[in-house]
Each structure stands twice: as structure tokens, then as C-alpha cells.
Amino acid sequence: MTTLVLDASSGISGDMTVAALLDLGADFSALEQVLKTLPDQQFKVTVSRVKKSSLDACDFKVTLLNGAPDIDHDMDFLFGDLDYAAVHHSHRYAHDHEHEHEHEHTHEHGHGHEHKHEQEHEHIHDHHHHAHHEHRHLKDVLAIIDSTSATAGAKALAGKIFDIVAQAEARSHGVPVEQVHFHEVGALDSIIDILSVAVLIDSLNISDVIVTALGEGYGEIRCQHGILPIPVPAVSHIAQMHGLTLSRINCQGEFITPTGAAIVAAVKTGDQLPERYRILKTGLGAGKREYPRASLLRAMIIEADNKHNATPQSVTLLQANIDDSTPEMLGFALERLYEEGILEAWFTPAFMKKGRPAYILNALCCPGDELRFEQVLFKYTTTIGIRRQTLARTVLPREIKTVPTAFGSIDVKVCSFVDSDGKTITRYYPEFDSAKKAALENHVALADVYRAAKNAAEVEV
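If you're wondering where the values come from, they're calculated on a predicted model, not measured in any experiment.

A.B. asks: Just checking my understanding: could you explain the overall build of the protein chain for this structure?
C.D. replies: Helix and strand counts for the protein chain stand at 14 helices and 18 strands. For the protein chain, with 461 residues in total, the buried portion stands at 48%. Taking all contacts inside the protein chain whose residues are at least 6 apart in sequence as the whole, residues at least 24 apart take part in 70%. Summed over its atoms, the accessible surface of the protein chain is roughly 22200 Å², and 51% of this surface lies on carbon and sulfur atoms.

A.B. asks: Sorry if this is basic, but what is going on with the nonpolar core here?
C.D. replies: Considering soluble globular proteins, one finds that nonpolar side chains tend to be buried as a cluster. Leu4, Leu21, Leu38, Phe43, Ile192, Leu195 and Ile238 are the most contacted members of the largest nonpolar core, which has 72 residues in total. With 14 residues, the next largest nonpolar core counts Ile342, Leu361, Val376 and Leu377 among its residues.

A.B. asks: Could you clarify how one ought to interpret the packing of helix α6 (residues 138–146) against helix α7 (residues 152–173) in this entry?
C.D. replies: Describing two packed helices takes the angle between their axes plus the distance from one axis to the other. Two numbers describe how α6 lies on α7: the axes approach to 10 Å, and their chain directions differ by 165°. One finds that α6 runs roughly antiparallel with respect to α7. For the pair α6 and α7, the sense of crossing is right-handed. Between α6, through Leu138, Val141, Leu142, Ile145 and Asp146, and α7, the contact on the second element is made entirely by Lys155, Ala158, Gly159, Phe162, Asp163 and Ala166. Of the residues assigned to the contact of α6 with α7, the class counts are seven nonpolar, one polar and three charged.

A.B. asks: Quick question: what am I supposed to make of the environment of Leu21 here?
C.D. replies: Along the chain, Leu21 falls in helix α1 (residues 14–24). Residues within four places of Leu21 in sequence aside, it is in contact with Leu4, Ala26, Val197, Leu200, Ile201 and Leu204.

A.B. asks: Which parts of the structure should I look at to understand the state of the cysteines?
C.D. replies: Disulfides are covalent bonds that link the sulfur atoms of two cysteine residues. All told, the structure shown has zero disulfides when counted by the stated rule. This cysteine, Cys366, is not joined by any disulfide, and Cys365 carries the nearest cysteine sulfur, 7.0 Å off.

A.B. asks: Looking at this structure, how should I read the packing of helix α11 (residues 327–339) against helix α12 (residues 370–380)?
C.D. replies: Axis separation between α11 and α12 bottoms out at 10 Å; the angle between their running directions is 155°. The pairing of α11 with α12 is recorded here as roughly antiparallel in orientation. Considering the relative orientation of α11 and α12, their crossing is right-handed. Facing α11, whose interface residues are Met329, Phe332, Ala333, Arg336 and Leu337, α12 presents Phe373, Val376, Leu377 and Tyr380.

A.B. asks: It is not clear to me how the side chain of Thr63 should be interpreted in this structure. Could you clarify?
C.D. replies: Along the polypeptide, Thr63 turns up in strand β3 (residues 55–64). Given a relative accessible area of 16%, Thr63 falls into the buried group. For Thr63, the contacting residues outside a window of four places in its chain are Gln42, Phe43 and Lys44.

A.B. asks: Sorry if this is basic, but what is going on with the sheet that holds strand β18 (residues 424–430) here?
C.D. replies: Across the sheet, which stays open at both edges, the three strands sit in the order β16-β17-β18 with antiparallel pairing between neighbours. Looking at strand neighbours, the two that pair on one side only are β16 (398–405) and β18, the edges of this open sheet. Pairwise comparison of adjacent strand axes, ignoring direction, gives a mean angle of 35° for this sheet. Docked against the sheet, helix α13 (residues 432–442) engages β17 (408–418) and β18, running at close to 150° with respect to β17. Each of β16, β17 and β18 touches helix α14 (residues 446–460); the most contacted strand, β16, lies at about 110° to it.

A.B. asks: Before we go on, may I ask you to explain the packing of aromatic side chains in this structure?
C.D. replies: Two aromatic rings are characterised by how far apart their centres lie and by the angle between their planes. Within this structure, the stated rule accounts for three aromatic pairs. On the basis of an interplanar angle of 75° and a centroid distance of 6.2 Å, the ring pair of Phe347 and Tyr359 is categorised as edge-to-face. Of this pair, Phe347 sits in strand β13 (residues 344–351) while Tyr359 sits in strand β14 (residues 357–365), and the two are twelve residues apart along the sequence. Judged by its relative accessible area of 40%, Tyr359 is partly exposed. The ring of Tyr218 carries Arg248 above its face, with NZ or CZ at 4.4 Å from the centroid. For Arg336, the ring lying beneath its charged end belongs to Phe332, and the centroid distance is 4.2 Å.

Quick notes on the rules
Each chain carries its own residue numbering, running from 1 in the direction its sequence is written. Where totals are concerned, whole chains, interfaces and linings use all residues; where local detail is concerned, this predicted model gives features only for residues with pLDDT of at least 70, and gives and counts side-chain atom pairs only at 80 or more. The side-chain values count all of the structure's non-hydrogen atoms but skip hydrogen atoms and water molecules. By the criteria applied, helices consist of DSSP H or I runs no shorter than four residues and strands consist of E runs no shorter than two, each listed in order from the N terminus. Note on classification: 1.4 Å probe, protein chains only; a residue is buried when its accessible area is under 20% of the maximum for its type, exposed when over 50%, partly exposed between these limits. Contact definition: two residues touch when any of their heavy atoms are within 4.5 Å. Per-residue and other accessible areas follow the Shrake-Rupley method at a 1.4 Å probe size, with only the shown protein chains counted as cover for residues. By nonpolar core we mean a set of buried residues, namely Ala, Val, Leu, Ile, Met, Phe, Trp, Tyr and Cys, connected to one another through side-chain atoms within 4.5 Å. Between the N-to-C directions of two axes lies an angle of 0 to 180 degrees, each axis being a line fitted to C-alpha atoms and, for a helix, fitted only over the stretch in contact. Comment on the angle field: the value is read as roughly parallel under 35 degrees, roughly antiparallel over 145, roughly perpendicular from 65 to 115, and oblique elsewhere. Each crossing gets its hand from how the near helix is turned against the far one by less than a right angle, where anticlockwise is left-handed and clockwise is right-handed. All residues other than Ala, Val, Leu, Ile, Met, Phe, Trp, Tyr, Cys, Pro, Asp, Glu, Lys and Arg, Gly among them, are scored as polar; the first ten of these are nonpolar and the last four charged. Sulfur atoms of two cysteines make up a disulfide when they are within 2.5 Å. Strands were regarded as paired on the criterion that DSSP finds at least two bridges between them. Side-chain rings of Phe, Tyr and Trp (the six-membered ring for Trp) are treated as a pair once their centres are within 6.5 Å; stacked means planes under 30 degrees apart, edge-to-face means over 60, and tilted covers the remaining angles. Any Lys NZ or Arg CZ that is within 6 Å of a ring centre and within 35 degrees of that ring's normal is treated as a charge sitting over the ring.

See below:
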């Protein structure tokens, strides 16, 4: 199990993340095998080396063969209900980059500047020819992901990322999530980007993801609806709903795409590097957009030297006041939360208005998991409102050791830290389920098993 560090101080997008992970050494052949099982094969992927600010970086490019224009489809999450031709030829970038964008568009098609208008006309005609396809809703996209040969973990992560995007789009447009849809020709490369990220992270056996910075530019983006501010609505909603902290880049332009923000929201477990760590691998993913500041995503695989040091983390606290539920229902809800993987959950007695006794349900989860656990709370409790806040916590390093005792092998959690005098303190905590099983099998008191396991751990460890 390893820790992935993403330095998104110069932005993040889907293709940048894939490129950075591949540059780390993630298995591209395994990814290719998964992509071959997508039901729509009207695409090709290219991995190459490019220069960004004189730095050698990896570039991941998806070329659609279904008639979709070769443009930045990541933005199409915002315009899933619009005609591609109108969206593509709107000014999506700040005024400072309009000439540069037009020049690149002309150059890619091999025409000179004097033929720009004629070329755009022909390209628009082609867009109209392919634009009117059926829409894909979230359930359709999830079904496509589920039909691939990706592992269960990769499918779950890809689905989580898409769900985060859909939730943000639903809020942006004021519609239910079920009504959010993506154009068939435009969603394919987004499916490939998101599925690729999930497959590669799964293949790297990542245990934690630290996102040290999340840089966003400023300015405006023009679209058919008018002018949108940066960060665009979908990115703003994802940041708000998942407690992401953005850093302002002193450069006009959009550096965080909806896909990039959703990836961070889905995988981030912390934002602080350990005090001591070793860099095992590095990767650099290049962005496609050309700004005065290069869009680069740096990724690292690190090994924390935290045997005796605590690690700062961020967690999300969900709270709900419940005054109309039975104790059995509350206990059942707590069990469901733990089955779903909640970090910790507990009840606090309280008195509400008119002196009514109640309980406050508190639940800690990793950033990015808020929506999933909110659904659990709404489903299994009577609450009609949930509060949310991001908390900082410090966690001691721990490992599970299995030690032999007279009652059998017992699992013991071992935690160490260095106190203010520089002395190493080690503590041992027998695991309840393991100790309980041994106590029942040997017909002895649980305390006897605990004592034996702790003594054995002090000798063994």
C-alpha cells in the first residue's frame, strides 16, 4: 500500500491525471486491455512526450473517431444539452487567449490564417452532421463502465467520480441528477479519461491520496449561455460540496476542469505531506491548454518515514439532529454506516426546542465520501437535514500485529509516537473482534485475553 501525492498547483484535468499516473509507471498495457472492452470503440489513445516550460512531461490524448471535433471535451460537462457547433465556436477562454486558440485551430487543419473563416464553416457543417445523437444519462454511463473488464475497485472509483460530476451539474442547472445528460459523441473521451484514472490508481495499489495544492486561474469563459466566471459552476459546486480548498493562480484561464475537480473530490484523503518522507517515483502530466503559466500536474509515490510521527489529515464531520426515532432504529443506522465504511460514528444526547430529548448523530468520513454517507443517513434515519464541516485531525501511525497467546493468535494494534522529550512511546491495543472470538472459544473472560495479548505484544514487537 502506497501514498500518492498530487501537486495540482498548476491545475488538474482528466487527461493530465492519466498522463501523470502513466509517467509514474502505472501499467499502460493493463489499461489498454480494459479500454478494449468499452462497447464504443470509436476512439484511439496516444501516449507521448511533450515539453512544457522546458520540462519533459507525459501527454495522454484521446482522439474520437465518431465525428466529434478534436477539441477540449472536458468542458462539455457544462454544455451537455447544447449543440456542439455552437459550443465549440463560442469563446471559451479569456480574451487574452482568443488569438492563440484560433491560430492553433487553424494550424491543426493545415490552413493558413487567410482561410480561417472558410475552414470554420466547413468544420461547423461537420459538427451538425454528428451532433444530434442520443443523450447519455448517468445510469447509462455507469452501465458502460460496469460492462468493461475493469476491477470492482476501479469501477467503483470511476462511478464515484462520474456521480460527483453529475451531482454538481444537477445543482448547476437546478435539475434532478437523473435528468443530467451528456452528449453521446462528447461523453466518450470523458468516460475514457475517468475510467483510465480509476484503473491506473487501482493498479498502483494506492492507500492514501494527498492533494497538496489545487490551483485555479481567474477571468471568464464565454459560452452560448453568456459569460461564465472562473471557476466554472460545476467546479465551484464540487469544491463547495466536498470541502476543496482552491489557490488562486495569477493567470487568466481555467486550470481546474470539472473532471479534475471530481477526481480530487473522489480520491483525496488528506492535504498535508508527512514531515518526513521518501520519494519513490515521480510523474509529470501535461495539460492541453496553452496559458502563460504551463498547466502541469505533478504526481509522486511517497513512503512516509512516520514510524514515530503523527500524520495530519482532513476529515468531514456529518451531523444530524434526531428526535423522532427509536433506539433500535438509531442502532440499526449506526450498523449500516459501519458496513458502508464510515471512519467513526457516535451519538450525543441533546435537548432541542420545547425541551424535547434528542440525539445528535455524528459521522466522520474521508473528504469526497460525503454524498454517499449522506444518502445512508437519509435512508436509515428520520433526519431531514445534515450539517457538514471539514475538520483537521492528527493520526498516529499504526499497524496490526498478530501475536501468539495461550488463547490462540490475537490481532493487536500497535501505535508509536515521540513525546516532547524525544522519548518513543509505544502502545498496544488488542483488537476486540479477535479477542472476543478467543474468549468465547476458550470460555474465559475478555479481560484475560486482552491482558495476555498486550503482554505478548510488548515482548514480540
